[in-house]
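# Results of the structural survey
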Amino acid sequence: MNERAPAPGGLALIEALVNTLDVETGADTLDTPEGRAAFTLTERDLPGIRTLREALRAACLAHAGHAPPGVSSLNRLLAEAPLLVTVDTAGAVALRPARDPDALLSRVAAVIADAAADGTWARLKACEAEDCRWVYYDRSPAGRRRWCSMSVCGARNKMRTYRAKRA
């Protein structure tokens, strides 16, 4: 749905994961071997990853000013992926997964921590349109975008508002 560039840095991972489900059609790319391979997942991983995906979508909706149920479930999931602070020989500090660094949940936890630290986490939002909920990175100067695409979801919303006023 979103015609814009993917989210910067590690946030692209979260954006891609959440957008594996097309809310409007119900199509889920995680149902395909190729879709799972993109995230190094097996069929056994799917129930937990789908729970993670929807918890991330809820957080992105909260970033867009909505308070959907499910945001607290992200905290429970992230508790399973503790992070360690590491310092390299040059003195650079980084967060690393304390357990399996290749696990998707661990990678997501590290991305969220890094993005929160650099101020980009709150700009990962979910489209306001209930039949869309596509996740996008808000690059607007004020950080107040509401739709993944003004030409599709924004236009639909404006048309509904216009029709409601005319009725």
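That block above? That's the structure.
### Let's talk about the overall build of the protein
- Counting its regular elements, the protein contains six helices and four strands.
- The helix and strand sequence of the protein, counted from the amino end, reads α-α-α-α-β-β-α-β-β-α.
- Considering only contacts within the protein whose residues lie at least 6 apart along the sequence, 49% involve residues at least 24 apart.
- Surface exposure of the protein reaches about 9,300 Å², of which carbon and sulfur atoms provide 56%.

### Side note on the packing of helix α1 (residues 11-18) against helix α5 (residues 104-118)
- The interhelical angle for the contact between α1 and α5, taken along N-to-C directions, is 125°, at an axis separation of 9 Å. Judged by the angle between their axes, α1 and α5 are oblique. Here α1 and α5 pass one another in a crossing that is left-handed. Contact residues: L11, L13, I14 and L17 in α1; L104, R107, V108, V111, I112 and A115 in α5.
- Partitioned by chemical class, the residues of the contact of α1 with α5 number nine nonpolar, no polar and one charged.

### Looking at the nonpolar core
- If you look at the biggest cluster of nonpolar residues, it comprises 32 residues, and the most contacted ones within it are L11, I14, L52, L56, V108 and W121.
- Those elements that place two or more of their residues in this core are α1, α3 (46-63), α4 (71-78), α5, β3 (124-126) and β4 (135-137).
- Residues within four places of L11 in sequence aside, it is in contact with V111, A115, T120, W121, L124 and Y137.
- Counting residues in each nonpolar core, the second largest holds eight residues, with A129, C132, W134 and C148 among its members.

### Things to note about the packing of α3 against α5
- Contact geometry of α3 with α5 gives a least axis separation of 11 Å together with a crossing angle of 20°. Classed by the angle they form, the pair α3 and α5 counts as roughly parallel. Handedness of the crossing formed by α3 with α5: left-handed. Where α3 abuts α5, its residues I49, L52 and L56 lie against L104, L105, V108 and I112.
- Of the residues belonging to the contact of α3 with α5, the class tally is seven nonpolar, no polar and no charged.

### Section: the environment of W147
- In this structure, W147 sits in the loop between β4 and α6 (150-166).
- Accessibility expressed as a relative area gives 9% for W147, which makes it buried.

### Regarding the pattern of salt bridges
- Inspection of the entire model under this criterion finds eight salt bridges.
- Where E43 meets R36, a salt bridge forms, and the shortest distance between an N and an O atom there is 3.8 Å.
- Looking at R36, the relative accessible area reads 10%, which means it is buried.
- A salt bridge links D138 to K125; the nearest nitrogen and oxygen atoms lie 2.8 Å apart. Within this pair, whereas D138 is found in the loop between β4 and α6, its partner K125 is found in strand β3, the two being separated by 13 residues in sequence. As far as burial versus exposure is concerned, D138 and K125 are alike and both buried.
- Bridged by salt links that share partners, the residues D28, D31, R50, R53, E54 and R57 form one connected network.

Procedures and definitions
Residues numbered from 1 in each chain as written. Predicted model: local features only at pLDDT ≥ 70, side-chain atom pairs only at ≥ 80, totals over all residues. Heavy atoms only, no water. Helix = DSSP H or I, 4+ residues; strand = E, 2+ residues; numbered from the N terminus. Contact = heavy atoms within 4.5 Å. Areas by Shrake-Rupley, 256 points an atom, 1.4 Å probe, with all protein chains shown as cover. Axes fitted to C-alpha atoms, helices over the stretch in contact; angles between N-to-C directions. Parallel < 35°, antiparallel > 145°, perpendicular 65-115°, else oblique. Left-handed = near helix turned anticlockwise from the far one by under 90°. Nonpolar A, V, L, I, M, F, W, Y, C, P; charged D, E, K, R; others polar. Core = buried A, V, L, I, M, F, W, Y, C linked by side-chain atoms within 4.5 Å. Buried < 20%, exposed > 50% of the residue type's maximum accessible area, 1.4 Å probe, protein only. Salt bridge = Lys/Arg side-chain N within 4 Å of Asp/Glu carboxyl O.

These values are about where atoms sit, not about what they do.
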